[in-house]
Amino acid sequence: MHPVLELLTARIAEGSTPGQRTDSRRLALAVEGGSSRGTYSSGMVLALDELGATAAFDAVYGSSAGALNTAWLLCGRSQTGVRTWWNPAVMRRIINPLHTLRGRAVIDLEYLVHQVYSVLEPMDFPAILANPVEFHPLATDADTGESTDLQPFINDVAGIKTALAASSCMPVLAGPPIAMGGRRFVDAGIAEPLPFRTALAQGATDVLVLRTRREDEVPARVPRVQDVVVPRFLRRYAPGTITAWREQYQHDLEDERLLREDARLASVRPPARAPDVGALERDPAVLRRAVELGRQAVYDALEGLRKAS
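Because the structure is a prediction, the values reported are computed rather than measured. (Residues numbered from 1 in each chain as written. Predicted model: local features only at pLDDT ≥ 70, side-chain atom pairs only at ≥ 80, totals over all residues. Heavy atoms only, no water.)

**Quick notes on the overall build of the protein chain**
Working step 1: Helix and strand counts for the protein chain come out as 14 helices and eight strands.
Working step 2: By the compact-globule yardstick of 19 Å for 309 residues, the protein chain fits well, its C-alpha radius of gyration being 18 Å.
Working step 3: Across its three principal directions, the C-alpha atoms of the protein chain cover 55 × 40 × 40 Å.
Working step 4: Relative to its 309 residues, the protein chain shows a buried fraction of 55%.
Working step 5: Restricting to contacts in the protein chain with at least 6 residues of sequence separation, those with at least 24 account for 75%.
Working step 6: About 12,900 Å² of surface is accessible on the protein chain, with carbon and sulfur atoms providing 50% of the total.
Working step 7: Separation between the mean location of the 35 positive side-chain charges and that of the 37 negative ones in the protein chain comes to 6 Å. (Helix = DSSP H or I, 4+ residues; strand = E, 2+ residues; numbered from the N terminus. Rg over C-alpha atoms; globule rule 2.2 N^0.38 Å. Buried < 20%, exposed > 50% of the residue type's maximum accessible area, 1.4 Å probe, protein only. Contact = heavy atoms within 4.5 Å. Areas by Shrake-Rupley, 256 points an atom, 1.4 Å probe, with all protein chains shown as cover. Lys, Arg positive; Asp, Glu negative; His and termini not counted. Charge placed at Lys NZ, Arg CZ, Asp CG, Glu CD.)

**Description of the packing of aromatic side chains**
Both the distance between ring centres and the angle between the ring planes are used here to describe each pair of aromatic rings.
Working step 1: Counting across every chain of the model gives three aromatic pairs.
Working step 2: Here tryptophan 72 and tyrosine 117 contribute two aromatic rings whose centre-to-centre distance is 5.1 Å and whose plane-to-plane angle is 85°, an arrangement assigned as edge-to-face. Of this pair, tryptophan 72 sits in helix α3 (residues 65–75) while tyrosine 117 sits in helix α6 (residues 109–120), and the two are 45 residues apart along the sequence. This pair shows no difference in class: tryptophan 72 is buried, exactly as tyrosine 117 is.
Working step 3: Measuring from ring centre to ring centre gives 4.7 Å for phenylalanine 233 and tyrosine 237, while their planes differ by 40°; the resulting arrangement is tilted. Of this pair, phenylalanine 233 and tyrosine 237 are both found in helix α10 (residues 224–237), four residues apart, which corresponds to roughly one turn of the helix.
Working step 4: For phenylalanine 233, a relative accessible area of 13% puts it in the buried group.
Working step 5: Above the ring of tyrosine 111, the side-chain terminus of arginine 93 is found at 4.1 Å from the ring centroid.
Working step 6: The lysine or arginine in question, arginine 288, covers the ring of tryptophan 86, its NZ or CZ lying 4.2 Å from the ring centre. (Phe/Tyr/Trp six-rings, centres within 6.5 Å; stacked < 30°, edge-to-face > 60°. Lys NZ or Arg CZ within 6 Å of the ring centre and 35° of its normal.)

**Describing empty space enclosed by the protein**
Working step 1: Tallied over the full model, the rule gives one cavity of 30 Å³ or more.
Working step 2: Taken as a whole, the largest cavity encloses approximately 210 Å³ of empty space.
Working step 3: Along the wall of the largest cavity there are 17 residues; nearest its centre are Ser35, Leu68, Trp85, Ile94 and Leu112.
Working step 4: For the lining of the largest cavity, the elements supplying multiple residues, two or more each, are α3, α4 (78–85), α5 (88–94) and α6.
Working step 5: Each residue belonging to the lining of the largest cavity can be placed in one class, and the counts come to twelve nonpolar, five polar and no charged. (1 Å grid on protein atoms, 1.4 Å probe; cavity = no way out; pocket = protein on both sides within 12 Å on 5 of 7 lines; lining within 4 Å. Points joined across faces, edges and corners; volume = space filled by probe spheres on them. Nonpolar A, V, L, I, M, F, W, Y, C, P; charged D, E, K, R; others polar.)

**As for the nonpolar core**
Working step 1: Ranked by size, the top nonpolar core spans 71 residues in total, and within it Leu8, Leu48, Phe57, Leu164, Leu208 and Leu210 carry the most contacts.
Working step 2: Among the elements that take part in this core, α3 stands out by supplying eight residues, more than any other. (Core = buried A, V, L, I, M, F, W, Y, C linked by side-chain atoms within 4.5 Å.)

**Digging into unusual backbone geometry**
Working step 1: A positive phi angle is found at serine 35, which is not glycine, with a value near 55°.
Working step 2: Among the residues examined, serine 35 registers a relative accessible area of 11% and is labelled buried.
Working step 3: The residue serine 64 is not glycine, and still its phi comes out positive at about 60°.
Working step 4: Mapped onto the secondary structure, serine 64 falls in the loop between β2 (59–63) and α3.
Working step 5: Using a relative accessible area of 4% as the deciding quantity, one classes serine 64 as buried.

**Some details on the layout of surface pockets**
If a probe the size of a water molecule is rolled over the atoms, the empty space left behind becomes visible.
Working step 1: What the largest pocket holds in volume is close to 1,200 Å³.
Working step 2: As for the largest pocket, its lining consists of 44 residues, and the residues nearest its centre are Arg213, Val222, Gln226, Trp245 and Gln248.
Working step 3: Of all the elements in the fold, those that place two or more residues in the lining of the largest pocket are α10, α11 (242–246) and α12 (248–261).
Working step 4: Within this model, the second largest pocket holds a volume of roughly 160 Å³.
Working step 5: Lining the second largest pocket, in full, are Ala105, Ile107, Asp108, Leu109, Glu110, Val113, His114, Lys161, Thr162, Ala165, Ala174 and Ile178.
Working step 6: Contributions of two or more residues to the lining of the second largest pocket are made by α6 and α8 (157–167).
Working step 7: Take the lining of the second largest pocket: its biggest share by element is four residues, from α6.

**Here we look at the side chain of aspartate 187**
Working step 1: Mapping aspartate 187 onto the fold places it in the loop between β6 (183–186) and α9 (196–201).
Working step 2: Here aspartate 187 is buried and forms no salt bridge, its nearest opposite-charge partner arginine 37 lying at an N-O distance of 9.0 Å.
Working step 3: A distance of 2.7 Å separates polar atoms of two side chains, one belonging to aspartate 187 and the other to serine 64.
Working step 4: In this structure the side chain of aspartate 187 is engaged in a polar contact, spanning 2.6 Å, whose partner is the backbone nitrogen of glycine 189.
Working step 5: Those residues in contact with aspartate 187, other than ones at most four positions away along the chain, are Ser64, Thr140, Ala166, Ser167, Ser168, Cys169, Met170 and Pro171. (Salt bridge = Lys/Arg side-chain N within 4 Å of Asp/Glu carboxyl O. Polar contact = N/O pair within 3.5 Å; in protein donor to acceptor, adjacent residues only side chain to side chain.)

**Re the pattern of salt bridges**
Working step 1: Under the criterion given, the structure shown has 24 salt bridges.
Working step 2: Close ionic contact of aspartate 262 with arginine 264 constitutes a salt bridge, the shortest N to O distance being 2.8 Å.
Working step 3: The class of arginine 264 is partly exposed, set by a relative accessible area of 37%.
Working step 4: Between arginine 289 and glutamate 292 there is a salt bridge whose closest N-O contact spans 3.8 Å. With arginine 289 and glutamate 292 both in helix α13 (residues 284–301) and three residues apart, this pair spans about one turn of that helix.
Working step 5: Look at arginine 289 and you get partly exposed, because its relative accessible area is 39%.
Working step 6: Connected through shared salt-bridge partners, Glu32, Arg37, Arg211, Glu256 and Arg269 make up one network.

Written out as structure tokens, the structure is:
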């Protein structure tokens, strides 16, 4: 078993919690985004919750949909979180290309955070604030292009909601940047889609990375149409991110190399047989299947722990 997974299983077995560790290591969870592809990491997070793994981490880092899923984990309601993904009424409202006919963004983050997560399928925001496991949603600074940890800006429930929206503010699809702490932010995926670099920079000795791309997927350049439309949007609303957008492919290649070579990093990915989930996927059957496969991927990675329990 990978040393990161060994540490995780040891901490789960001994019931280790933040502030009461018997080891000197700092274990972080880093969760990839990808809009509807986040169904995979949602299922992975559900498995960690079911295995009692939440308290084994010292901090969790999430990019875009990964931030949403880590929030569900920390509030103890990951089962509720996965349910929202395959609710057709909810998904049709959150992701709807027809919104553009009314001058609105395709992805309705306002509805997601303030209706779905606050009324229809409530997230326990106070529990996130009270959890000793640190919550680090990331976003991309619209004026500098830098990956930014939003944790210092979160002081209350409203701050969590704003951070979740900012981390998930996809260019073009989700509208203009979201203001927080006197700055403006867009989707974390532009600067740091796999949020393990920030975790390592902040002192993590071990990082479990939950991926939303299959085992057989390799980094690819963005489609030509996106490479035309998105930069136009960014020049108008988030000019500082243009360089980060252009360097995504090389950045992805370097991330893959580090995940292969750096012993501090262990990753769990959807299997090669998993369906290709697009960023705007709304089919309940496809999304539910992705959740199930993500959940199984974590159980497979932690097979020994599952048998022991």
